[in-house]
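# Observations on the three-dimensional arrangement
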Amino acid sequence: MFKGILIEKDESGYRATLKEIDDTELPEGDVTVRVSHSTLNYKDGLAITGKGPVVRKFPMVPGIDLVGVVEESSHPEFTPGDQVLLNGWGVGENHWGGLAQKARLKGDWLLPLPAQFSPQQVMAIGTAGYTAMLCVLALERHGVKPQDGEILVTGAAGGVGSVALAVLSKLGYTAVAVTGRPEDAEYLKSLGAAEVLERALFSSPGKPLGKERWAGAVDVAGGHVLANVCATTKYRGVVTACGLAAGMDFPASVAPFILRGVTLAGIDSVMCPRADRRVAWQRLGTDLDIEKLQKISQVVGLSEALPLARKLMNGEIRGRVIVDVNQ
Ligand code: NDP
């Protein structure tokens, strides 16, 4: 038996509870992992609260991230005792995830624990931080350099935003934070924000084109926020879009793309090929100040993950939540 959060949906409703689960109920897979830590990402919040249609099968163990030690393996790359990392691949959505003491997974989804980090540090980064790195890599791939100008980061006090600020500032970019929590300005500056702007400046319907300011952007919000970011991006600037915290829609015009040559780069972490993941984790090892991880993250136990998921959905969590599944 092992402890885990189980999401169930039946005639009595949708609920997530902490349960004792029998090993025989684990899904199929060629690697069994003794999980040490998982995290709470926005998607886990949606899954646990049922606020978004994230869970595709019931019952489901949520948790899109996990780190742990291989207990059994018939996969050629992994043997018992190996420390492994998993982010995404539909885990926590249509295959049992990391918010439990045990997981059975496809070995093809796993990476060895990146050498630069402890299990706890790797979860302080988690999918949110690895996605922030994918955004930075996309900016680089499209040729955005520190000397080109300011990079806007929306949802800056959240998980993706916090790591994006830390990485961009270490790489020498001038990062400007957008937040709905101006009281967190000092926190955002300590992560590397050169300036902090209020979310309200971006949240309402805007003009197709505004004054050019951003050389690049990391957007976690979507909706009017993304539309306004594109409208104020400089000639040939690059906007990376990874999230929908403000909405799934994109109420914009093509003006920034056809008149200013702005590039909108979509970022997906879930099905991202393994080779690109390795690059992202290796770059996190060199381009993120490990000391900042402590500032960004808090550690909680499995039972605390349930109320915290609700807080995350209400925008009340700053940075990243690490879940020690044995606590
Ligand atoms: P968090 O909940 O940690 O952060 C989200 C932040 O967005 C909040 O902290 C808040 O920041 C801001 N925000 C909340 N509501 C709104 C709103 N209505 N308008 C504008 N901003 C808002 O989530 P994560 O950082 O983990 O994820 C952020 C987004 O990125 C989510 O939509 C998530 O689904 C997506 N994502 C996508 C991935 C992919 O593969 N494409 C992978 C990982 C995440 P503040 O208080 O500073 O304003």
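You'll find the structure just up there.
Quick caveat, the model's predicted, so the values are computed rather than measured.

### Comments concerning the overall build of the protein
A count of helices and strands for the protein gives ten helices and 15 strands. The C-alpha radius of gyration computed for the protein amounts to 20 Å, which stays within 12% of the reference 20 Å derived for 327 residues, consistent with globular compactness. When the backbone C-alpha atoms are referred to their principal axes, the protein occupies close to 60 × 45 × 35 Å. For the protein, with 327 residues in total, the buried portion stands at 56%. Taking all contacts inside the protein whose residues are at least 6 apart in sequence as the whole, residues at least 24 apart take part in 71%. When the accessible surface of the protein is summed, it comes to about 13500 Å², and 51% of that surface belongs to carbon and sulfur atoms. Taking the 34 positively charged and 36 negatively charged side chains of the protein as two groups, their mean positions are separated by 6 Å.

### Here's the deal with the nonpolar core
Core analysis: the biggest nonpolar cluster contains 51 residues, and Leu165, Leu168, Trp281 and Leu284 have the highest contact counts within it. If you list the elements that add at least two residues to this core, you get α2 (119-141), β8 (150-153), α3 (159-170), β9 (174-179), α4 (185-191), β11 (214-219), α8 (274-287) and α9 (290-296). Examining the composition of this core, we find that 14 residues originate from one element, α2, more than from any other. Counting residues domain by domain, this core receives three or more from each of domain 1 (2-113 + 293-324) and domain 2 (126-266). If sequence neighbours within four positions are ignored, Leu284 has contacts with Phe117, Ile125, Gly129, Tyr130, Met133, Val163 and Val167.

### Side note on the pairing of β9
Among the six residues of β9, five are classified as buried, and the element is accordingly described as predominantly covered. Bridge count for β8 against β9 is four bridges, and the pairing is parallel. Bridge pairing in β9 links Ile151 to Ala175. A crossover links β8 with its parallel partner β9, the connecting element being α3, and its sense is right-handed. Pairing geometry for β9 and strand β10 (residues 193-198), over five bridges, is parallel. Residue Val178 lies in a different strand from β10, and its bridge partner there is Leu197.

### Points about the sheet that holds strand β12 (residues 233-241)
Within a beta sheet, neighbouring strands are joined by backbone hydrogen bonds and run either parallel or antiparallel to one another. With parallel pairing, the six strands of this open sheet are ordered in space as β10-β9-β8-β11-β12-β13. The open sheet terminates on both sides in strands that have one partner only, identified here as β10 and β13 (263-266). When strand polarity is set aside, the average angle formed by the axes of neighbouring strands in this sheet is 20 degrees. Of the strands in this sheet, β8, β9, β10 and β11 are in contact with α3, which crosses β8 at around 160 degrees. Where helix α6 (residues 223-231) meets the sheet, it contacts β8, β11, β12 and β13, and its direction lies at approximately 155 degrees from that of β12.

### Observations concerning the packing of aromatic side chains
Applying the stated rule across the entire model yields three aromatic pairs. Taking the centre distance of 6.3 Å and the plane angle of 75 degrees together, the rings of Phe117 and Trp281 count as edge-to-face. With a gap of 164 residues between them, Phe117 in the loop between β7 (111-112) and α2 and Trp281 in helix α8 connect regions that are remote in the sequence. Using a relative accessible area of 2% as the deciding quantity, one classes Trp281 as buried. When the centroid spacing of 6.2 Å and the interplanar angle of 20 degrees are considered together, the rings of Tyr130 and Trp281 count as stacked. Here Tyr130, found in helix α2, pairs with Trp281, found in helix α8; they are 151 residues apart in sequence, far enough to count as distant. Overall, the relative accessible area of 0% leaves Tyr130 in the buried class.

### Focus: the environment of Leu40
Within the element layout of this structure, Leu40 appears in strand β3 (residues 31-40). On a C-alpha basis, the gap between Leu40 and Trp96 in space is 15 Å, while along the polypeptide they are 56 residues apart. The contact partners of Leu40, leaving out residues within four places of it in the chain, are Ile48, Leu99, Ala305, Leu308, Ala309, Leu312, Arg320, Val321 and Val323.

### Thoughts on a nonpolar patch on the surface
On the surface, Tyr42, Leu244 and Met248 cluster together into a nonpolar patch covering about 330 Å² of accessible area. Take Leu244: it is sitting in the loop between β12 and α7 (255-259). Overall, Leu244 belongs to the partly exposed group, its relative accessible area being 36%.

Conventions used here
- Residue numbers run consecutively from 1 along every chain, following the written order of its sequence.
- Totals for whole chains, interfaces and linings use all residues, but because this is a predicted model, local features are given only for residues with pLDDT of at least 70 and pairs of side-chain atoms are given and counted only at 80 or more.
- In computing side-chain values, all of the structure's heavy atoms are included and hydrogens and water are not.
- Comment: elements are numbered from the N terminus, with helices defined as DSSP H or I runs of at least four residues and strands as E runs of at least two.
- All radius of gyration figures rest on C-alpha atoms, and the globule criterion is 2.2 Å times the number of residues raised to 0.38.
- Three exposure classes are used, based on accessible area relative to the maximum for each residue type with a 1.4 Å probe and protein chains only: buried under 20%, partly exposed in between, and exposed over 50%.
- Any two residues whose heavy atoms approach within 4.5 Å are treated as being in contact.
- Per-residue and other accessible areas follow the Shrake-Rupley method at a 1.4 Å probe size, with only the shown protein chains counted as cover for residues.
- We count Lys and Arg on the positive side and Asp and Glu on the negative side, and we leave His and both chain ends out.
- We put the charge of a Lys on NZ, of an Arg on CZ, of an Asp on CG and of a Glu on CD.
- Buried Ala, Val, Leu, Ile, Met, Phe, Trp, Tyr and Cys residues form a nonpolar core when they are joined through side-chain atoms within 4.5 Å.
- An automatic or database domain assignment supplies the residue ranges for each domain.
- Strands qualify as paired when DSSP identifies two bridges or more between them.
- Note on handedness: a crossover is taken as right-handed if, strands pointing away from the viewer, the path from the first strand over the helix to the second is clockwise.
- Only C-alpha atoms enter the line fits that serve as axes; for helices the fit covers just the stretch in contact. Angles between N-to-C directions range over 0 to 180 degrees.
- Aromatic pairing here means that ring centres of Phe, Tyr or Trp (its six-membered ring) are within 6.5 Å. Orientation follows from the plane angle: under 30 degrees is stacked, over 60 is edge-to-face, and everything else is tilted.
- Patch membership requires more than 30% relative accessible area and the absence of a salt bridge. Residues of like charge join within 9 Å; the nonpolar side chains Val, Leu, Ile, Met, Phe, Trp and Tyr join within 5 Å.
- What counts as a salt bridge is simple: a side-chain nitrogen of Lys or Arg found within 4 Å of a carboxyl oxygen of Asp or Glu.

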